[in-house]
Amino acid sequence: MITMTDIIRDGHPTLRQVASEVTMPPSEEDKSILKSMMEYLINSQNPELAEKYGLRGGVGLAAPQINVSKRMIAVHVKDENDKQYSYALFNPKIISHSIEKAYLTTGEGCLSVDETIPGFVPRYARITLKGIDLDGKEIKLRLKGLPAIVFQHEIDHLNGVMFYDHINEKDPFLPIDNAIPVER
């Protein structure tokens, strides 16, 4: 089981590397890592388990955050209509996106970043992505709102990009043109 001590912190070199593609079909080890990443997210959202194991609540986790530089992400998040998006994917890739932007009104956080970094993080309002699930099936998702933002945050990790890299340094809360504010 992954715990908070397995999650590397901001400044660790792995977080700035471009992660390697996962060879298909994935090895049993890669499947096991991806399953445990999803398990962490599910457990971290359960107040009793989170307290028992000292887990910080998370909605997404990328393999580089546990010092595995491979293209694997897990996302466990609900949208504004309470629809659950629960995906563990190998080699996720955004294949199209809107011109229109979106951002979380509260800013973004990250399990690898201990302090709060204030500011708006511009993201695409809508994305379409492809990835391979734990059963080896290709999945295609069309996303908007919070799930789209979370997937973009996790895919950024695979490319060595941190959420705060997107924040306007001079004016962190500068309104983003043509962008949809997303409440969390």
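The shown structure was predicted, so the numbers you read here are calculated from the model rather than taken from an experiment.

Conventions adopted
Residues numbered from 1 in each chain as written. Predicted model: local features only at pLDDT ≥ 70, side-chain atom pairs only at ≥ 80, totals over all residues. Heavy atoms only, no water. UniProt positions renumbered as here; feature names shortened; annotations may be inferred. 1 Å grid on protein atoms, 1.4 Å probe; cavity = no way out; pocket = protein on both sides within 12 Å on 5 of 7 lines; lining within 4 Å. Helix = DSSP H or I, 4+ residues; strand = E, 2+ residues; numbered from the N terminus. Polar contact = N/O pair within 3.5 Å; in protein donor to acceptor, adjacent residues only side chain to side chain. Contact = heavy atoms within 4.5 Å. Points joined across faces, edges and corners; volume = space filled by probe spheres on them. Nonpolar A, V, L, I, M, F, W, Y, C, P; charged D, E, K, R; others polar.

**Student:** What exactly am I supposed to notice about the UniProt feature "binding site: Fe cation" (unreviewed entry) in the chain here?
**Tutor:** When the UniProt feature table is mapped onto this chain numbering, "binding site: Fe cation" (unreviewed entry) sits at C110, H153 and H157. The largest pairwise C-alpha distance within this set of annotated residues, which runs over 48 residues, is 10.3 Å, so the set is compact in three dimensions. For the largest pocket, the lining residues among the annotations just cited are C110 and H153. Examined against the element boundaries, H153 turns out to sit in helix α3 (residues 145-158). Within the structure, H153 has its side chain in polar contact with the side chain of E108 (distance 2.8 Å). When you line up the elements, H157 lands in helix α3. Apart from the residues lying within four places of it in its own chain, the contact partners of H157 are L15, Q17, A62, P64, Q65, C110 and M162.

**Student:** Before we go on, may I ask you to explain the layout of surface pockets in this structure?
**Tutor:** Any empty space left between atoms is shown by rolling a water-sized probe over those atoms. If you add up the space inside the largest pocket, you get close to 340 Å³. Lining the largest pocket are 18 residues, and of these V59, E108, G109, C110 and R184 sit closest to its centre. The element best represented in the lining of the largest pocket is α3, accounting for five residues. Across the lining of the largest pocket, the residue classes tally to seven nonpolar, seven polar and four charged. In this structure, the second largest pocket spans a volume of roughly 180 Å³. Lining the second largest pocket, in full, are E21, R71, N91, P92, K93, I94, I95, K130, G131, I132, E138 and I155.

**Student:** Would you mind showing me how to read the environment of L158 here?
**Tutor:** Note on placement: L158 falls in helix α3. With 37 residues separating them along the chain, L158 and V121 place their C-alpha atoms 17 Å apart. Contacts of L158, omitting those with residues within four sequence positions, involve Q17, V18, A19, A62, P64, K70, R71, M72, I73 and P92.

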